[in-house]
Amino acid sequence: MWNFPQILDQARNDLASADDASSLEACRLKYLGKKGLVPAIFDSLSSASPEDKPTIGKGANDLRVLVTALLKEKTKALGALGGGTPCARPVDLTMPGVGPALGHRHVLTQTMTEICDVFERMGFVVVESPEIETEFNNFTGLNIPIDHPSRDAFDTFYLEANDPAAKGRNLLLRSHTSPGQVRVMRDHQPPLAVIIPGRVYRPDAGDASHSFMFHQVEGLLVDKDVKFSDLKGLLSEFCRRFFGPQVKMRFRPHFFPFTEPSAEVDISADIFKGTLRKPWLEILGCGMVNPKVFEAAGYPCLSGRQAAGQYTGLAFGMGVERMAMLKYGIKDIRLFYENDVRFLKQF
Ligand code: PHE
């Protein structure tokens, strides 16, 4: 005769300790398999005495029902842990996990931060200036005459003339970061040294080197006896730190209404390993602050002969896209704005 209470207990224990697909399968075979315990008990019915038969039949049935129910429950629990059927997909806890893709800063933000960092280490303070400007700050205050071509409606993005925010002034999207100079000087007395990074807008048709929106970093330093040699030294040091010690540069005379004298700085293409066709590449505009700009900003009139001990200033402005294109060998400005991850993740 079978000891049913003990068999049922054993079955419960076996299934409770089965914790993976193969031990569950072993339990199933032990009890329900062709050579398992349940068929064996049923087989024993033929040789059992008539009084024992009902007990044996009921015991075998109870065992089958119990084992079937527990198997189903366990299989479901294991499936929830491992995903899918436990037999088909055993969980391998040693596999590396699937991490979420983390983004990073855009190459232009990185370049702009890097430029600002170099100047911050030299004592400059980073300030922000708005992208919507008055016509005065963008042009008049910078000594850009009323008939200058860049004031033309087709050369500059003017905002609606009847915009109530304009209050009779003409508002526009700044065409360079230089109006930040006017704002800083209106709010702060010298000495000062600031860096003004940000977006600028010009209605250029887009191509490999033009975009209607791009980024500039402006610099302004006003102190007593600032000389052109200070400007040269400052920008030379900047280029060495940004492009590396082997960089060669030249200052080429130029004209800007807001600086006098003015220059453009070129760097030699040598360091870019033959990727560029021209021998020299322009990277920035600069000069000594024109006394007319000091005047417009409300600084004590510094025009006339420059005496020792007087406040003078230097200013420069560079295109961030230009710097990034040179540094990383990027050939098309449009790549910066298309947000193609295959491009962006290289930097
Ligand atoms: N604002 C000038 C430009 O956009 C650059 C510049 C800035 C030149 C400051 C001189 C001094 O071209």
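Keep in mind the model is a prediction, meaning the values are calculated, not measured.

Peer 1: Could you give an account of the pairing of strand β5 (residues 213-224), naming the residues involved and the relevant values?
Peer 2: Here β5 lies mainly inside the structure; 10 of its 12 residues are buried. Bridge count between strand β4 (residues 192-201) and β5: 10 bridges; the pairing is antiparallel. The residue of β5 that forms the bridge with L192 is V222. Here β5 runs beside strand β9 (residues 311-319); their pairing, made up of nine bridges, is antiparallel. When the bridges of β9 are listed, G219 appears paired with F316.

Peer 1: Outline the pattern of salt bridges, supporting the account with residue identities and numerical values.
Peer 2: In a structure, side chains of opposite charge can pair up when their charged atoms sit close to one another. By the definition in use, this model includes 15 salt bridges. Put simply, E131 and R199 hold a salt bridge, and the shortest N to O gap is 3.8 Å. Of this pair, E131 sits in the loop between β1 (125-126) and β2 (132-134) while R199 sits in strand β4; the two residues are 68 residues apart in sequence, bridging distant segments of the chain. Classification of E131 by relative accessible area gives partly exposed; the value is 28%. Where R334 meets D332, a salt bridge forms, and the shortest distance between an N and an O atom there is 2.9 Å.

Peer 1: Before we move on, can you summarise the domain arrangement of the protein with the specific residues and values?
Peer 2: One frequently used descriptor of interface size is the decrease in accessible area upon assembly of the parts. Once the domains are mapped, the protein shows domain 1 (4-81) and domain 2 (107-344). The straight-line distance from the C-alpha centre of domain 1 to that of domain 2 is 84 Å.

Peer 1: Please set out the packing of helix α2 (residues 21-32) against helix α3 (residues 37-44) residue by residue, giving values where relevant.
Peer 2: At their nearest, the axes of α2 and α3 sit 4 Å apart, and the two run at 5° to each other. Here α2 lies roughly parallel to α3, going by the angle between them. On the side of α2, the interface is formed by K30, Y31 and L32, while α3 contributes L37, V38 and P39. Per-class residue counts for the contact of α2 with α3 are five nonpolar, no polar and one charged.

Peer 1: Outline the sheet that holds strand β8 (residues 280-289), listing residues and values.
Peer 2: Note on sheets: strands pair through backbone hydrogen bonds, and any given pair is parallel or antiparallel. Taken together, the seven strands give an open sheet; going across it, the order is β1-β4-β5-β9-β8-β7-β6, and neighbouring strands pair in mixed fashion. At either margin of the open sheet sits one strand with a lone partner, and together these are β1 and β6 (249-256). Strand direction decides the pairing type here: β1 and β4, joined by two bridges, are parallel. Within β4, the position partnered with V126 by the bridge is I195. Strands in contact with helix α5 (residues 107-121) are β1, β4, β5 and β9; relative to β4, the strand with the most contacts, it is inclined by about 165°.

Peer 1: How would you explain a negative patch on the surface if you had to name every residue and give the values?
Peer 2: Negative charge collects at one region of the surface, where D152, D155, D204 and D207 lie side by side. Considering the arrangement of structural elements, one finds D207 in the loop between β4 and β5.

Peer 1: Please set out the site of the ligand residue by residue, giving values where relevant.
Peer 2: Near the ligand, the surroundings consist of 14 residues, among which H176, S178, R202, Q216 and E218 are the closest. The side chain of H176 places a nitrogen or oxygen atom 3.0 Å from a nitrogen atom of the ligand. Between the ligand and S178 there is a distance of 2.9 Å, counted from a nitrogen atom to a side-chain nitrogen or oxygen. Of all the elements in the fold, those that place two or more residues in the shell around the ligand are β5, β8 and β9. Ranked by residue count, the leading element in the shell around the ligand is β9, at three residues.

Peer 1: Got a sec to walk through α5? Specific residues and values, please.
Peer 2: With 15 residues, α5 ought to run about 21 Å at 1.5 Å a step, and its terminal C-alpha atoms sit 21 Å apart, in line with that. Of the positions making up α5, those classed as buried are V107, L108, T111, M112, I115, C116, V118 and F119.

Peer 1: Account for the nonpolar core, naming residues and giving values.
Peer 2: If you look at the biggest cluster of nonpolar residues, it comprises 46 residues, and the most contacted ones within it are F119, F243 and F316. In this structure, F243 is in contact with I267, I271, F272, I283, M323, L326 and K327, ignoring residues within four places of it in sequence. With 20 residues, the next largest nonpolar core counts V289, F294, Y299 and A315 among its residues.

Peer 1: For the side chain of N290, give the residues involved together with the corresponding values.
Peer 2: The topology assignment puts N290 in the loop between β8 and α9 (291-296). Under the relative-accessibility criterion, N290 is labelled buried at 11%. A polar side-chain atom of N290 sits 3.1 Å from the main-chain carbonyl oxygen of P257. In contact with N290, other than residues within four places in its own chain, are N143, P257, F258, T259 and E260.

Peer 1: Quick rundown of the packing of aromatic side chains? Include the residues and the values.
Peer 2: Scanning the model with the defined rule gives 13 aromatic pairs in all. Ring geometry for F119 and F124: centres 5.5 Å apart, planes at 70°, overall edge-to-face. By relative accessible area, F119 is classed as buried at 0%. Judged by its relative accessible area of 5%, F124 falls in the buried class. The ring of F242 has K327 lying over it, and the distance from NZ or CZ to the ring centre is 4.2 Å.

Peer 1: Now, about helix α7 (residues 179-187): what can you tell me, with residues and values included?
Peer 2: Along α7, the positions that sit buried rather than exposed are P179, G180, Q181, V182, V184 and M185. Buried-residue contacts for α7 involve β2, α6 (135-138), β4, β5, α9 and β9.

About the thresholds
- Residues numbered from 1 in each chain as written.
- Predicted model: local features only at pLDDT ≥ 70, side-chain atom pairs only at ≥ 80, totals over all residues.
- Heavy atoms only, no water.
- Buried < 20%, exposed > 50% of the residue type's maximum accessible area, 1.4 Å probe, protein only.
- Helix = DSSP H or I, 4+ residues; strand = E, 2+ residues; numbered from the N terminus.
- Pairing = 2+ DSSP bridges.
- Salt bridge = Lys/Arg side-chain N within 4 Å of Asp/Glu carboxyl O.
- Domains from an automatic or database assignment.
- Axes fitted to C-alpha atoms, helices over the stretch in contact; angles between N-to-C directions.
- Parallel < 35°, antiparallel > 145°, perpendicular 65-115°, else oblique.
- Contact = heavy atoms within 4.5 Å.
- Nonpolar A, V, L, I, M, F, W, Y, C, P; charged D, E, K, R; others polar.
- Patch = residues over 30% accessible without salt bridge, like charges linked within 9 Å, V, L, I, M, F, W, Y side chains within 5 Å.
- Areas by Shrake-Rupley, 256 points an atom, 1.4 Å probe, with all protein chains shown as cover.
- Lys, Arg positive; Asp, Glu negative; His and termini not counted.
- Charge placed at Lys NZ, Arg CZ, Asp CG, Glu CD.
- Near = heavy atom within 4 Å.
- Polar contact = N/O pair within 3.5 Å; in protein donor to acceptor, adjacent residues only side chain to side chain.
- Expected span 1.5 Å × (residues − 1).
- Core = buried A, V, L, I, M, F, W, Y, C linked by side-chain atoms within 4.5 Å.
- Phe/Tyr/Trp six-rings, centres within 6.5 Å; stacked < 30°, edge-to-face > 60°.
- Lys NZ or Arg CZ within 6 Å of the ring centre and 35° of its normal.

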